[in-house]
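One-letter residues, chain by chain:
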Amino acid sequence: MSLRQVLIVDDDPGMRQMLTLLLRSKGYFPAAVESSSQAIKEFEARPYDVVLCDVQLGEHDGLWVLAELLQRSPDLTVVMMSAYGSEESAVEAMKRGAYDYISKPFRPDEVALVLRKAEERERLRRDNLRLRRELGEGGGLETLVGQSPAMDEVKRHLRKAAAVSTTVLLTGESGTGKELVARALHDLSPRAAMPFVAVNCGAIPDDLIESELFGHVKGAFTNASQNKKGLVAEADRGTLFLDEIGELPFQVQVSLLRTLQEDEIRRVGDTRATQVDVRVVAATARDLEAAVEAGGFRRDLFYRLNVLPIRLPPLRERPGDIPPLVEHFVEKFNRSLRRTPPVKEVTKEALAALALRKWPGNVRELENLIERAMVMTEGATLELADFGNLSAADAKAAANGLSIKRGTRDLEMALIQRALEETGGNRTRAAQLLEISHRALLYKLKEYGLGRVSPGTPGPIIEP
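Residues numbered from 1 in each chain as written. Predicted model: local features only at pLDDT ≥ 70, side-chain atom pairs only at ≥ 80, totals over all residues. Heavy atoms only, no water.

Quick notes on the overall build of the protein chain
Within the protein chain one finds 19 helices and 16 strands. Within the protein chain, the fraction of its 464 residues that count as buried is 47%. In the protein chain, once contacts between residues fewer than 6 apart in sequence are set aside, the share between residues at least 24 apart is 69%. As presented, the protein chain carries roughly 23,300 Å² of accessible surface, and 50% of it is formed by carbon and sulfur atoms. (Helix = DSSP H or I, 4+ residues; strand = E, 2+ residues; numbered from the N terminus. Buried < 20%, exposed > 50% of the residue type's maximum accessible area, 1.4 Å probe, protein only. Contact = heavy atoms within 4.5 Å. Areas by Shrake-Rupley, 256 points an atom, 1.4 Å probe, with all protein chains shown as cover.)

Describing the packing of helix α13 (residues 322-336) against helix α15 (residues 362-376)
At a closest axis distance of 10 Å, the pairing of α13 and α15 adopts a crossing angle of 50°. What the angle tells us is that α13 and α15 run oblique. Considering the relative orientation of α13 and α15, their crossing is right-handed. Facing α13, whose interface residues are Leu325, Val326, Phe329, Val330, Lys332, Phe333 and Asn334, α15 presents Val363, Leu366, Glu367, Ile370, Glu371 and Met374. Taken together, the residues of the contact of α13 with α15 break down into 9 nonpolar, 1 polar and 3 charged. (Axes fitted to C-alpha atoms, helices over the stretch in contact; angles between N-to-C directions. Parallel < 35°, antiparallel > 145°, perpendicular 65-115°, else oblique. Left-handed = near helix turned anticlockwise from the far one by under 90°. Nonpolar A, V, L, I, M, F, W, Y, C, P; charged D, E, K, R; others polar.)

What about the packing of aromatic side chains?
Enumeration according to the criterion identifies 2 aromatic pairs in this entry. Relative to phenylalanine 241, the ring of phenylalanine 196 lies with its centre 6.2 Å away and its plane at 20°, an arrangement referred to as stacked. You can see phenylalanine 196 sitting in strand β7 (residues 196-200) and its partner phenylalanine 241 sitting in strand β8 (residues 239-243), a full 45 residues away along the chain. When sorted by exposure, phenylalanine 196 lands in the same class as phenylalanine 241, which is buried. Between phenylalanine 302 and tyrosine 303, the aromatic rings sit 5.8 Å apart at their centres with planes inclined by 55°, giving tilted as the arrangement. Taking relative accessible area as the criterion, phenylalanine 302 reaches 7% and is therefore assigned buried. According to the relative accessible area criterion, tyrosine 303 is exposed, its value standing at 51%. Over the ring of tryptophan 359 we find arginine 357; its NZ or CZ atom is 5.1 Å from the centre of that ring. (Phe/Tyr/Trp six-rings, centres within 6.5 Å; stacked < 30°, edge-to-face > 60°. Lys NZ or Arg CZ within 6 Å of the ring centre and 35° of its normal.)

Digging into the nonpolar core
Among the nonpolar cores identified, the biggest contains 31 residues, and Leu213, Leu240, Leu242, Ile245 and Phe297 are the most heavily contacted of them. Looking at this core, the elements with two or more residues in it are β7, α8 (209-214), α9 (231-234), β8, α10 (250-262), β11 (279-284), α11 (288-293) and α12 (299-305). Ranked by the residues each element gives to this core, the list is headed by α10, at 4 residues. Filtering out sequence-adjacent residues up to four positions away, leucine 240 remains in contact with Val197, Val199, Leu231, Val232, Ala235, Val278, Arg279, Val280 and Val281. (Core = buried A, V, L, I, M, F, W, Y, C linked by side-chain atoms within 4.5 Å.)

Examining the sheet that holds strand β12 (residues 308-311)
The parallel open sheet is built from 5 strands, whose spatial order is β7-β8-β11-β6-β12. Both edges of this open sheet fall to β7 and β12, since each of them pairs with a single strand only. Neighbouring strand axes in the sheet, compared pairwise and without regard to direction, differ in orientation by 20° on average. Two strands pair when backbone bridges link them, and strand β6 (residues 168-171) and β12 are joined in this way by 4 bridges, in the parallel orientation. Its bridge partner lying in β12, valine 168 is registered against leucine 308. (Pairing = 2+ DSSP bridges.)

As for empty space enclosed by the protein
Overall, the coordinates contain 2 cavities of 30 Å³ or more when judged by the stated rule. Of the voids in this model, the largest cavity is the one considered here, and its volume is about 70 Å³. Per-element tally for the lining of the largest cavity: the top contributor is helix α17 (residues 404-422), with 4 residues. Split by residue class, the lining of the largest cavity holds 5 nonpolar, no polar and 3 charged. (1 Å grid on protein atoms, 1.4 Å probe; cavity = no way out; pocket = protein on both sides within 12 Å on 5 of 7 lines; lining within 4 Å. Points joined across faces, edges and corners; volume = space filled by probe spheres on them.)

Considering a nonpolar patch on the surface
Taken together, the side chains of Val164, Val307 and Leu308 define a hydrophobic patch exposed on the protein surface, amounting to about 200 Å² of accessible area. With respect to the helices and strands, the residue valine 307 is situated in the loop between α12 and β12. Residue classification places valine 307 among the partly exposed residues on the basis of a relative accessible area of 43%. (Patch = residues over 30% accessible without salt bridge, like charges linked within 9 Å, V, L, I, M, F, W, Y side chains within 5 Å. Salt bridge = Lys/Arg side-chain N within 4 Å of Asp/Glu carboxyl O.)

Some words on helix α6 (residues 149-162)
If you check α6, its first and last C-alpha atoms are 20 Å apart, about what 14 residues at 1.5 Å a residue would give, namely 20 Å. Among all positions in α6, only Met151, Val154, Lys155, Leu158, Ala161 and Ala162 are buried. The arc that holds the buried residues of α6, viewed along the axis, is 125°, so those residues lie on one side. In α6, those exposed residues whose orientation departs by more than 90 degrees from the buried face are Arg159 and Lys160. (Expected span 1.5 Å × (residues − 1). Arc of directions from axis to C-beta.)

Next comes the structure, spelled out in structure tokens:
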């Protein structure tokens, strides 16, 4: 059920009570008010999917309420209720943006039918938005550049996670693209046409983060001059991305845990909870298990977040993805920098040096390096000298003249040495990082004279 929160606006107490009981029995979460001013106040205080509004109200009529609501939320579903003799006003309301109207007195199944039709319309609208987004902007896995085994594993997990609304925890070093992966997961999911709200938990002051996430009511604290919806409510029916979740203050962790368990939020200073339908994707560069043991992160919240963990590999573990990433960033900055002439080539020497770098800042560091080089160079080719802050060792390893054979040999040797270093000499894991078979690795070790294989050791012994 996509349209769950229903606001009833009617000055008849009996009608409000009847509709409230009916909608609750059908699985909706209704709230009822008796006047137009209360309707606007309630709508601004909480997120509602549907408004059932009587045409005849005392203070302002239903057309006024309709205009005020659509001004605040143009896609809101508003159903007008008209008594005998006010059908013309109901028809006028539809011309002004109301979804439908029902005439009083009505049977209970009429209300249920109108709401089911509204839900179907909403589903079609979301599917249409999702398809338009996919065709016009791209999205999903297409935004994740790389075909290494490590990235293929990430994409496999995302495909499985996209079909459900289970909480996902993204882990990995800074700069590995956790927000990009979260957006790809959102784009793949049935929630793609709904909001994607990203929150950096470490960037909001501790004394403000609860209000920012869950909202507040007017007068809840000093300077709370009006009601605030909150970012969780903004993400209703969509995806909430909580980056740097390990920085969330301990007291706010309790409120987030309740949201995950009960699918509801309670704004600061409010006495009532509000139902929400939010898919939470959290991310961290910290070791949350260690934080739990140290008492800095709630154990129960960690278990709630860690239902579907996905580890994003650092760039040094997937050097084979560096060439396509370089191509991607060159195309990106050709457009954004409006390069004249555009960069059309990156030399083999430069690519070799980039592949040999250890990239402590991961993909973000590579992106920044490409952008800097494209800003500073004036030609159509990026050469090794354009990447001024590559290490001397990287540059020396890449300086092989124009010999493809020699350059390929030296690059393979360097990558094999790096893989063995990363894996502590474990040949099987090194072969996986290099994306070659174990037998091929042993052959290359012998061919390049990198080491001798001893039967009693876990990997090659590297000799000078």
